[in-house]
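# Residue-level structure breakdown
Letter by letter, the chains look like this.
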Amino acid sequence: MFRPLNKLLSRHMQDTETLTKQKTYIRPVIAIAAVITFSALAGFIVLGQVQNFTGNQTSGDGTTVQAAASDPTTMVDLTWTAPGDDGTTGQATSYDIRYATSTITAGNWGVATSISNPPAPQTAGTAQSMTVSGLQPNTLYYFALKTTDEAGNQSILSNIASKQTTAVSVPPCVENWSCSAWSTCSAGSQSRTCTDAASCPNPSSQPPLTQSCTVPTTNTNSSVNTNTSTGGGGTTSDDVAPNTVLTAVPAASGLITPLFRFTWSGIDDVTAASQLSFAYKLDSGNWSAWTTKQEVTLSKLHNGTHTFSVRSRDAVGNIDASPATTTFTVKLRTFTAVGVEAGAAARIRVMEGKTVKKDFFPYEKTFQGGVSVSVADLGGDGYSELVVGSGSGRVSEVRLFRTDGSRINTFLPFGNAYRDGINVATADVDGNGTQEIIVSQKTRRGIVRIFGYRNGKYTQVAREFDTKFPGVSVAGGDVTNDGKEDVVVMPATTAAPALAVFSLSGNSMVRSALLTTPYNPRLRASYDIALGDVNNDGITEIVTVPRASASAEVRYFVYRSGRLAGLPGTFTAHRAAFRVGARISTVDINADGKDDVGLSLGSRSQPTINYYTLTNGKAIRLPANSLHMFSTRDRIIINHASGV
């Protein structure tokens, strides 16, 4: 056994005490990596350099994947030489390694953070190492240790080593400008407004907001300008608006495809067809900005009847007062992806209606830590892919699949040392038409990271943010109704209720709204979230339910003027006394044009999803649409999501 001295410099500085038998006690020493280590110094601990490398790692199912290295923003590697039981010989019993953000002393040792599951001491002189994870970026940390023998004797405090984690590397802000149409020419000038969808803090590519022009003479028809154009034969008056024609439209009914393409053209008596501008709109929405393009493909349309309109404008500003229109009916073919969360091996099943389309293991067949599943159109073709996150018990990994089970991509969102499980969702946070992947830590901490596909791989596209929750449930959608999708969060492990919305501003996710009383403030539970247009008003609502430790009370919320407000329709999916919670998703299961709520039990039970529709502020169950997943003999917890 050992009891450390102030410093081990030579044999003459060793302190020998007598207990039941003669022992030599040596103080373990921590030092920074630049100090040379000598194997003769038992217990010498080196603070390793933060790693910054990549390499290939083979997963349990034999597939070679690109493994992220230790994350220098949240991890520090420690290496040391094992001390002995008697001086520099033998083997100690256990380590107590701790860290803090201020220097560690004997007086504050008790409040320093203890590292869980440190490695067991090896034979004296053996090189040992471990990675300390879960640290904050750009923070100076101090490390120290004590060692214990089999009789319970503990060393005094070692010397202190320190290391600062790396600041988060934030990608440059990419400006994404859109401008309104030019104003009417007045006093030789016209203006417009331009908005950067990325909200970059220091824009450098802002389009011009003013330009010079020639004042036109207008008649009493607001859609027609009386102006002149000069041709080879002299001056010609132009007071006739162009005519707009739709040249290709979707079929009128029975549409099950998720993509809808429209093409058009225009004819004018003076302005060449190539110089005409066009604007379009869907249903009662706003007109698009004027552009010369003559086609558009729309997606993410809800079931039901829609009207598409397009109009044209000539060079002097005459606008077609009778837009070309077409009406069509959408009835999308949807699927439901179900992931086993607990009670059996992690598994995914894809259902189209009540038919099983695919069943597969997203990770090793022996892995029973569960999965989180989300769906989104990642490829921009209108069809949804599966986003799967692993539960606890293995390296936390995101894997992307097609609905046929073929794997597309994979990445480690928190490095190769994080194993506590993740939740996944998707959202187009920057409004550029491409879905990003949202990944949150499932337990203990409230960190959320957002990844986008850039230069052939998934990488962080915004600063990570800390929700301060002990684990995070996440969902993505445009709840603020500004054209960019938001991230909605609630606690994923037992905590006081809270519901928050985060939106992208520049390169940071900022909180747009917080509701601290979505449920009774005294309730301590975990929560699940889904988003959807549940009342067909064109606005995305938030639907929540406790995951566990409470009855499955479903509540609806909407974002209004910077606040979250409750909506009518609250209901309890199971008996109130049945305090096991539920898992939740949304989909237009009965093709009536509004999203319905799917619920499965939050305890190990027969895996069934029951659906509810909101009608006149009251939730009504749709028993004909219930889905029975896997075997009726199974007693498992499932989570689910739907796509097209």
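Residues numbered from 1 in each chain as written. Predicted model: local features only at pLDDT ≥ 70, side-chain atom pairs only at ≥ 80, totals over all residues. Heavy atoms only, no water.

## Brief notes about the overall build of the chain
Along the chain, the regular secondary structure elements total zero helices and 51 strands. The buried share among the 644 residues of the chain stands at 50%. Sequence-distant contacts in the chain: of pairs separated by 6 or more residues, those separated by 24 or more amount to 55%. Roughly 28,800 Å² of accessible area belongs to the chain as shown, and the carbon and sulfur atoms make up 47% of that amount. (Helix = DSSP H or I, 4+ residues; strand = E, 2+ residues; numbered from the N terminus. Buried < 20%, exposed > 50% of the residue type's maximum accessible area, 1.4 Å probe, protein only. Contact = heavy atoms within 4.5 Å. Areas by Shrake-Rupley, 256 points an atom, 1.4 Å probe, with all protein chains shown as cover.)

## Considerations on the sheet that holds strand β23 (residues 295–298)
As a general point, the strands of a sheet are linked pairwise by backbone hydrogen bonds and lie either parallel or antiparallel. Ordered by their spatial adjacency, three strands build an open sheet running β20-β21-β23, and the pairing between neighbours is antiparallel. Only two strands of the sheet have a single partner each, and these edge strands are β20 (243–248) and β23. Between one strand axis and the next, the sheet turns by 30° as a mean value, whatever way the strands run. Relative to strand β21 (residues 260–267), β20 runs antiparallel, the two sharing five bridges. (Pairing = 2+ DSSP bridges. Axes fitted to C-alpha atoms, helices over the stretch in contact; angles between N-to-C directions.)

## Structural notes on the state of the cysteines
When the sulfur atoms of two cysteines share a covalent bond, that bond is a disulfide. According to the stated counting rule, one finds one disulfide in the structure shown. Each sulfur in the disulfide pair Cys179 and Cys194 lies 2.1 Å from the other. Here the disulfide of Cys179 and Cys194 is right-handed, its torsion about the S-S bond being about 110°. With Cys179 in strand β13 (residues 177–179) and Cys194 in strand β15 (residues 194–196), this pair connects stretches of sequence that are 15 residues apart. (Disulfide = S-S within 2.5 Å.)

## Observations regarding the environment of Gly506
Examined against the element boundaries, Gly506 turns out to sit in the loop between β40 (499–505) and β41 (508–515). Taking the relative accessible area as the measure of exposure, Gly506 reaches 7% and is therefore buried. A C-alpha to C-alpha distance of 10.0 Å links Gly506 and Pro203, two positions 303 residues apart in sequence. Once residues lying within four places of it in the same chain are set aside, the contact partners of Gly506 are Cys173, Ala198, Ser199, Cys200 and Pro201.

## Considerations on the confidence of the model for the chain
In regions of low pLDDT, the predicted coordinates are not meant to be interpreted in detail. Confidence along the chain averages 81 in pLDDT terms, with 83% of residues attaining 70 or more. Note that residues 1–70 has pLDDT below 50 and, in this model, 186 contacts with residues that lie over four places away or in other chains. For the stretch residues 228–236, pLDDT sits under 50, and the model shows eight contacts to residues farther than four places along the chain or on other chains. (pLDDT = per-residue confidence, 0-100.)

## Regarding the environment of Val356
Tracing the backbone through its elements, the reader meets Val356 in strand β28 (residues 355–360). Separated by 273 residues in sequence, Val356 and Met629 have C-alpha atoms that sit 9.0 Å apart. Beyond its immediate sequence surroundings of up to four residues, Val356 is in contact with Arg349, Val350 and Met351.

## Structural notes on the pattern of salt bridges
Across all of its chains, the model carries 17 salt bridges by this definition. Note that Asp96 and Arg98 form a salt bridge whose closest N and O atoms lie 3.1 Å from each other. No difference in accessibility class separates Asp96 from Arg98, as the two residues are buried. We note a salt bridge from Glu295 to Arg261, for which the minimum N-O separation is 3.3 Å. A residue pair is termed long-range when its members are at least 10 positions apart, and Glu295 in strand β23 and Arg261 in strand β21 qualify at 34 residues. (Salt bridge = Lys/Arg side-chain N within 4 Å of Asp/Glu carboxyl O.)

## Observations concerning the sheet that holds β40
The four strands lie next to each other as β38-β39-β40-β41, forming an open sheet whose pairing is antiparallel. Each of the sheet's edge strands pairs with one partner strand only, and the pair in question is β38 (472–477) and β41. When the angles between neighbouring strand axes are averaged without regard to direction, this sheet yields 30°. As paired elements, β40 and β41 share seven bridges and run antiparallel to each other. Bridge pairing in β41 links Ser505 to Ser508.

## Side note on the packing of aromatic side chains
On inspection of all chains with the given rule, the structure shows 18 aromatic pairs. Three or more aromatic residues link up through ring pairs in this structure, and these residues are Phe260, Phe262, Trp264, Phe278, Tyr280, Phe308 and Phe328. One Lys or Arg, Arg311, reaches over the ring of Trp287 and ends 4.2 Å from the middle of that ring. Seen from the ring of Phe367, Arg394 lies directly overhead, with NZ or CZ sitting 5.8 Å from the centre. (Phe/Tyr/Trp six-rings, centres within 6.5 Å; stacked < 30°, edge-to-face > 60°. Lys NZ or Arg CZ within 6 Å of the ring centre and 35° of its normal.)

## What to know about the side chain of Asp96
Residue position: Asp96 is located in strand β8 (residues 94–100). Classification of Asp96 by relative accessible area gives buried; the value is 15%. Here the side chain of Asp96 touches Arg98 through a polar contact of 3.1 Å, side chain to side chain. Those residues in contact with Asp96 that sit more than four places away from it in its chain are Trp109, Ser114, Ala144, Leu145, Lys146 and Gln154. (Polar contact = N/O pair within 3.5 Å; in protein donor to acceptor, adjacent residues only side chain to side chain.)

## Brief notes about the pairing of strand β34 (residues 436–441)
For β34, the buried fraction is high: six of the six residues fall into the buried class. Of the two faces of β34, both are covered, the one formed by Glu436, Ile438 and Ser440 as well as the one formed by Ile437, Val439 and Gln441. Inspection of the sheet shows strand β33 (residues 422–427) paired to β34 by six bridges, in the antiparallel sense. Pairing of Ile422 across the sheet is with Gln441, part of β34. Here four bridges tie β34 to strand β35 (residues 447–454), and the two strands are oriented antiparallel to one another. The residue bridging Ile437 from the neighbouring strand is Phe451, located in β35. A loop of five residues connects β34 with β35, the two strands running antiparallel in sequence, and Arg444 in this loop sits at a positive phi of about 70°.

## A look at unusual backbone geometry
What is expected of a backbone is that most residues other than glycine have negative phi and most peptide bonds are trans. With a phi close to 55°, Asn117 is a non-glycine residue in the positive phi region. The exposure class of Asn117 is exposed, given its relative accessible area of 73%. Here Ser549, not a glycine, exhibits a phi torsion of approximately 65°, which is positive. Considering the arrangement of structural elements, one finds Ser549 in the loop between β43 (541–548) and β44 (553–560). With relative accessibility at 35%, the residue Ser549 sits in the partly exposed group.

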